[in-house]
Amino acid sequence: MVEPGWQARLQSNGDLLLTGNASEFTPTALAAGPDPVLLEIFNKRFMSVAEQMGFVLQNTAHSVNIKERLDFSCAVFDAGGNLIANAPHIPVHLGSMGESVKALLVNQRDSLQPGDAYLLNSPYAGGTHLPDITVVTPVFGAERQLLFFVASRGHHADVGGISPGSMPAGSRHIDDEGVISAGLKILCAGRFREAEILKWLAGNRHPARNPQQNLADLQAQIAANQKGGQELLAMVADYSLSVVTAYMQHVQDHAEACVRRLLQTLAGGSFVYPLDQAPALPSLSPLTGTREVRASIFPARRRNWRTISMRRRRCARPPCCT
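If you're wondering where the values come from, they're calculated on a predicted model, not measured in any experiment. Each residue is numbered by its place in its chain's sequence as written, counting from 1. The model is predicted, so local features are restricted to residues of pLDDT at least 70 and side-chain atom pairs to those at 80 or more, both for listing and for counting; the totals for chains, interfaces and linings are taken over all residues. The side-chain quantities take in all heavy atoms of the structure and omit both hydrogens and water.

**Remarks on a nonpolar patch on the surface**
Exposure above 30% relative accessible area and the absence of a salt bridge qualify a residue for a patch, where like charges join within 9 Å and nonpolar side chains (Val, Leu, Ile, Met, Phe, Trp, Tyr) within 5 Å. Each accessible area value is a Shrake-Rupley result obtained with a 1.4 Å probe; residue values ignore everything except the protein chains displayed when judging cover. Salt bridges are defined by distance alone: a side-chain nitrogen of Lys or Arg within 4 Å of a carboxyl oxygen of Asp or Glu. Together, Trp-6, Leu-10, Leu-16 and Leu-18 make up a nonpolar patch on the protein surface, roughly 470 Å² of accessible area in all. Contributions of two or more residues to the nonpolar patch are made by β1 (6-10) and β2 (16-20). Under the DSSP-based scheme used, a helix requires at least four consecutive residues in state H or I and a strand at least two consecutive residues in state E, with every element numbered from the N terminus.

What follows is the structure, encoded as structure tokens:
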């Protein structure tokens, strides 16, 4: 018996060729809820997109920071700027890149066009320190409909300021740390805006010291984003836009459900709490104590129990603690 959406053909050499029909994946078929197998497939595919972006960025970057130290992160977002998948690159980037995408949506929503890319490093727009430059690329469909966002954040070696590096100790104003932007267009209809970027890098009392290296790394980030956009559009071609967007939401819902269940189990309660009313974690003894809580990260699989041990050891109270 062949499942719906698949065709089986017996080849001349005796092999059985199974062919899937993407058109069978319709919103109606998804109305009853996510298919567990497809949920796992899409979860891995979204993560794979972010990881492939990272490979492209690593291979094409110029600076030691990005190419060898691997100080970068890549992520995939839906059309509203909500995080779908973030490859496990740099933890400090995990929660803040989405704010950069949303800041871009607020400031540039009406001017976003296919072939564009924007640069952000402002801490007031989801940035961290100024050398962490985020390149955000909107992904459009065949009818110029905004479908997704892809973003890559890389630590540039220098963006100006009173001293090379990051956050100089003698700084008194954010301009002392380097150049800043909350949405500079660096790619316009596929054209790299080199002159505008160089003008931005020089637009500080203490301009960037190696702008050509900045340009090379920005081009690598653009290439990484283009790879991410291509993979997402290929996924749409395979499964249809309605299915991809539906499973983006399912992935988010599943992640939220896992966090809710974890918080519920840690608190020892029996209710599902709204995220803004989540209970506090169990308290420990001030100096000593070990408490173990067993939490099911994937409730559907009872065998996947993970033990979380929280330990606090007695401190000898050296002079630095007194």
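There is more to say after this.
**Quick notes on helix α7 (residues 241-267)**
A helix is expected to reach a length of 1.5 Å times the quantity of its residues less one. Across its 27 residues, α7 extends 39 Å between first and last C-alpha, which sits within 8% of the 39 Å expected from 1.5 Å per residue. Among all positions of α7, only Val-243, Val-244, Tyr-247, Met-248, His-250, Val-251, Gln-252, Cys-258, Arg-260, Gln-264 and Leu-266 are buried. Once α7 ends, the next one or two residues include Gly-268, with phi positive near 75 degrees. Throughout this description, buried means an accessible area under 20% of the type-specific maximum (1.4 Å probe, protein chains only), exposed means over 50%, and partly exposed covers the range between.

**Description of the pairing of β1**
Where β1 and β2 come together, 5 bridges link them in antiparallel fashion. Note that in β2 the partner of Gln-7 across the bridge is Thr-19. One bridge is not enough; two strands pair if DSSP finds at least two bridges between them.

**Quick word on the pairing of strand β4 (residues 83-86)**
Two strands pair when backbone bridges link them, and strand β3 (residues 72-78) and β4 are joined in this way by 3 bridges, in the antiparallel orientation. Bridge pairing in β4 links Phe-77 to Leu-83. The loop that links β3 with its antiparallel partner β4 comprises 4 residues; one of these, Gly-81, has a positive phi angle of about 80 degrees.

**Considerations on the packing of aromatic side chains**
When two rings of Phe, Tyr or Trp (its six-membered ring) have centres within 6.5 Å they constitute a pair, described as stacked for plane angles under 30 degrees, edge-to-face for angles over 60, and tilted for the intermediate range. Counting across every chain of the model gives 3 aromatic pairs. Taking 4.8 Å as the distance between ring centres and 55 degrees as the angle between the ring planes, the aromatic pair formed by Phe-42 and Tyr-239 counts as tilted. Here Tyr-239 lies in helix α6 (residues 211-239) and Phe-42 lies in helix α2 (residues 36-60), a separation of 197 residues in the sequence. Take Phe-42 and Tyr-239: they sit in the same class, and that class is buried. Pairing Phe-42 with Tyr-247 gives two aromatic rings, centres 4.8 Å apart and planes at 15 degrees, and the pair type is stacked. With Phe-42 in helix α2 and Tyr-247 in helix α7, this residue pair connects regions lying 205 residues apart in the sequence. Here Phe-42 and Tyr-247 have matching classes, each one buried. The rings of Phe-42, Phe-46, Tyr-239 and Tyr-247 are connected pair by pair, giving a single aromatic cluster.

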